[in-house]
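Coordinate analysis (summary)
What follows is the residue order along each chain.
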Amino acid sequence: MPDILRADVVIVGSGVAGSLVATVLARGGAKVLVLEAGQRVDRGRAVANFLASPTKSPNSPYPPHPNVPQPDEDDIGAYYVQAGPETFNTLQARVVGGTTWHWGGLAMRYRPDDFRMRSAFGVAVDWPLGYDDLEPWYGEAERELGVAGPSNEDWGSPRSSPFPMPQVAPTYLDGVVAAACARVGLSMAPFPQARNTVARDDRPPCCGNASCVPICPIGAKYDASMHVAKAEAAGARIEPLAIASELVVGSDGAITAVRFLRPDGSVHEARGKVFVVAAHAIESAKLLLLSRDARRHPQGVANSSGAVGRYLLTQLDAGYLGLARDPVYPYRGPVSTSGIRELRDGPFRGSYGASGSSPSNEGWSRAVGPLKLAREFAAKGMHGADLGRAVSDHASREIAIGPSVEVLPDADNRVTLALDQRDPLGLPRPRIAFRFGDYEKKGAAIAMDYILGLMNALGAANLQKLGPVTDGAVMGGTCRMGRDPAASVVDRDLRAHDHPNLYVVGSAAFPTITSSPPTLSIAAFALRAGTTILTRLRQA
């Protein structure tokens, strides 16, 4: 017999969006069920997987269940079906806790102008709410995740509350780059980070393991498994390996159930009063599109506008690798600890994309750089002490700096169902069509000119130009929020225009993407949505 699970609120996805909504609701007394397609992660086993991996790629610690595929850096086609013309390289982790397991930890707010791109710059669209509406929720998100930040730098986002923890210390590399920035008219400041600098929330402070991507071995960096645990402690039920395949719509337009598969192919059902889709930009759109009914909603659930799957967002990444004249000592500390202030906002955004640039602490090749060097130099005949000195000299001078550029929404950048290419459970894989536009290409070209000047100021040799490629960690936009139901999927509260008890939470609802990472904004919206849902449940 198939399982029929019941709850007040059924949530699809256990990443930062789903787990925060679940925590708010469970703490408020609601009965909460979270369906997660992937498996639970044991941190110790994941660290062992990472150590054993020859590639050290973002999903290497989290091997997927054979019937629940996911993309990885070294096998992007394992799940995504690429329709081009660009390869969409942005990753997701289909595990309990979601993609924050392998994020870098940068926890920046969006800026006020990020919410009003049309009215401020004449491009893209405005969000249906502004920075002031979200500002208190940003503070709450920083407290929930545990954000360490500089007391004298707001990164262009006015604050009403201090950071919960003192900043992560800049690296030696940051200091060298900051000195070079001063010679070319740029400036640097420390980043806010969702990682402990003091013991907090039963988690230790960061000790500089330098493997933040793909895993923090001690849990100093925040990941959503921490709110999964809090939700469960408050009474929520987490169901791993529950692959949502259909939202069932009642005669009154309300969602009545989520049908889900187990890895053995059996079909089950979760029923509730309210339903929250929080499965990241690719999976959220895929589920809504899968839930087609030839008579009542032939385009899928919540898709009377035709916008589901469209306006897929990411950032354009580019950069330079070089060998600095003097040692900068990468391969230590968090991925990125300080960034360049300039080019993140301004009137130029009417003509080209804002960019966020920062030096990487990961050298040329995250985690495996010195090993690659040793193999390369050994192949050239080096050995013994000479080999050791060559590797040490090269690795100590490796520097990588590059911009992440905002990408304008484009209706033709989209997720559809690959009905001709299915996963092991018979579900269509996501087909992704993506291309860069002139706006982001121009933004990247201008940023790269600045970075080239900076590399020259560093006396860098052996310069290698990288990109453009889609960002490996940033995506959104496939279920955009808006005031007009004819042009958007959800309203300012993230409730579907077409279904009164359906919410889409996460960056899928973002109308635009910025040059800042989206995770803190996802968290702020999730806390806001959870509180809204709880209030409506109590009023019902």
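Just so you know, these numbers come straight off a predicted model, no measurement behind them. (Residues numbered from 1 in each chain as written. Predicted model: local features only at pLDDT ≥ 70, side-chain atom pairs only at ≥ 80, totals over all residues. Heavy atoms only, no water.)

**Considerations on the overall build of the protein chain**
Secondary structure assignment for the protein chain yields 11 helices and 20 strands. For the protein chain, the C-alpha radius of gyration of 23 Å lies close to 24 Å, the compact-globule estimate for 540 residues. The dimensions of the protein chain, computed from C-alpha atoms along their principal axes, are 75 × 50 × 45 Å. Sorting the 540 residues of the protein chain into buried and exposed places 61% on the buried side. A fraction of 73% describes how many contacts in the protein chain between residues 6 or more apart in sequence connect residues 24 or more apart. Taken as two groups, the 56 positive and 54 negative side-chain charges of the protein chain have centres that lie 2 Å from each other. (Helix = DSSP H or I, 4+ residues; strand = E, 2+ residues; numbered from the N terminus. Rg over C-alpha atoms; globule rule 2.2 N^0.38 Å. Buried < 20%, exposed > 50% of the residue type's maximum accessible area, 1.4 Å probe, protein only. Contact = heavy atoms within 4.5 Å. Lys, Arg positive; Asp, Glu negative; His and termini not counted. Charge placed at Lys NZ, Arg CZ, Asp CG, Glu CD.)

**What about the pattern of salt bridges?**
Applying the stated criterion across every chain, the model contains 34 salt bridges. A salt bridge links Asp 113 to Arg 116; the nearest nitrogen and oxygen atoms lie 2.7 Å apart. Assessed through its relative accessible area of 15%, Asp 113 is described here as buried. We classify Arg 116 as partly exposed; its relative accessible area is 40%. As a salt-bridge pair, Asp 345 and Arg 349 come within 2.8 Å of each other at their nearest N and O atoms. Residue Asp 345 is classed as partly exposed on the basis of its relative accessible area, which comes to 26%. With a relative accessible area of 1%, Arg 349 lands in the buried category. Linked by salt bridges that have partners in common, Arg 109, Glu 135, Glu 142 and Arg 159 make up one network. (Salt bridge = Lys/Arg side-chain N within 4 Å of Asp/Glu carboxyl O.)

**A few points about the nonpolar core**
In globular proteins that are soluble, nonpolar side chains generally tend to be buried together. Counting 135 residues, the largest nonpolar core has Ile 11, Val 276, Leu 502 and Val 505 as the members making the most contacts within it. For this core, the leading source of residues is helix α11 (residues 519-539), giving 10 residues. Setting aside chain neighbours within four positions, we find Leu 502 in contact with Leu 247, Ile 255, Phe 275, Val 277, Leu 288, Val 301, Ala 302, Leu 494, Arg 495 and Ala 496. Listed in part, the eight residues of the second largest apolar core include Ala 46, Ala 93, Trp 101 and Ile 215. (Core = buried A, V, L, I, M, F, W, Y, C linked by side-chain atoms within 4.5 Å.)

**Concerning the sheet that holds strand β4 (residues 81-85)**
Overall, mixed pairing links the three strands, which are arranged β4-β18-β17 in an open sheet. Where the open sheet ends on each side, the last strands, each with one partner, are β4 and β17 (414-422). Between one strand axis and the next, the sheet turns through 25° on average, direction left out of account. Here β4 runs beside strand β18 (residues 428-434); their pairing, made up of four bridges, is parallel. Residue pairing across strands places Gly 84 opposite Ala 433, the latter belonging to β18. (Pairing = 2+ DSSP bridges. Axes fitted to C-alpha atoms, helices over the stretch in contact; angles between N-to-C directions.)

**Focus: helix α9 (residues 384-397)**
Taking 1.5 Å as the rise per residue, α9 with 14 residues should run 20 Å; its terminal C-alpha atoms sit 21 Å apart, in good agreement. Looking only at α9, the buried set comprises Leu 387, Ala 390, Val 391, His 394, Ala 395, Ser 396 and Arg 397. Taken together, the buried residues of α9 touch β13 (315-323), α8 (369-379) and β16 (398-406). (Expected span 1.5 Å × (residues − 1).)

**Some words on the packing of helix α4 (residues 131-145) against α11**
It is the contact of α4 with α11, at a shortest axis distance of 8 Å, that shows an interaxial angle of 105°. Compared by their axis directions, α4 and α11 come out roughly perpendicular. Residue-level contacts link Leu 134, Trp 137, Tyr 138, Glu 140, Ala 141, Glu 142, Glu 144 and Leu 145 of α4 to Leu 520, Ser 521, Ala 523, Ala 524, Phe 525, Leu 527, Arg 528 and Thr 531 of α11. A class-by-class count of the residues in the contact of α4 with α11 yields 10 nonpolar, two polar and four charged. (Parallel < 35°, antiparallel > 145°, perpendicular 65-115°, else oblique. Nonpolar A, V, L, I, M, F, W, Y, C, P; charged D, E, K, R; others polar.)

**Side note on α11**
Given a rise of 1.5 Å per residue, 21 residues ought to cover 30 Å, and the 30 Å separating the end C-alpha atoms of α11 matches this to within 8%. Among the 21 residues of α11, 15 are classified as buried, and the element is accordingly described as predominantly covered.

**Digging into the packing of aromatic side chains**
Using the criterion set out here, one finds 17 aromatic pairs in the structure. Taken together, a centroid distance of 5.9 Å and an interplanar angle of 25° make the contact between Trp 127 and Phe 525 stacked. Of this pair, Trp 127 sits in the loop between α3 (117-121) and α4 while Phe 525 sits in helix α11; the two residues are 398 residues apart in sequence, bridging distant segments of the chain. In this structure, Trp 127 and Phe 525 share a single accessibility class: buried. By the ring-pair criterion, three or more aromatic residues cluster together here, those being Tyr 110, Phe 115, Trp 127, Tyr 131, Tyr 138, Phe 510 and Phe 525. The ring of Phe 163 has Arg 159 lying over it, and the distance from NZ or CZ to the ring centre is 3.7 Å. Just above the ring of Tyr 311 sits the side chain of Arg 480; from NZ or CZ to the centre is 3.7 Å. (Phe/Tyr/Trp six-rings, centres within 6.5 Å; stacked < 30°, edge-to-face > 60°. Lys NZ or Arg CZ within 6 Å of the ring centre and 35° of its normal.)

**Examining the sheet that holds β13**
Spatially, four strands are ordered β15-β16-β13-β19 in an open sheet, and the strand pairing comes out antiparallel. The sheet terminates laterally at β15 (355-359) and β19 (461-470), the two strands that pair on one side only. On average, each strand axis in the sheet is inclined to that of its neighbour by 15°, with strand direction left out of account. As judged from the five bridges shared by β15 and β16, these two strands associate in the antiparallel manner. Note on β16: the bridge partner recorded for Ser 357 is Pro 403.

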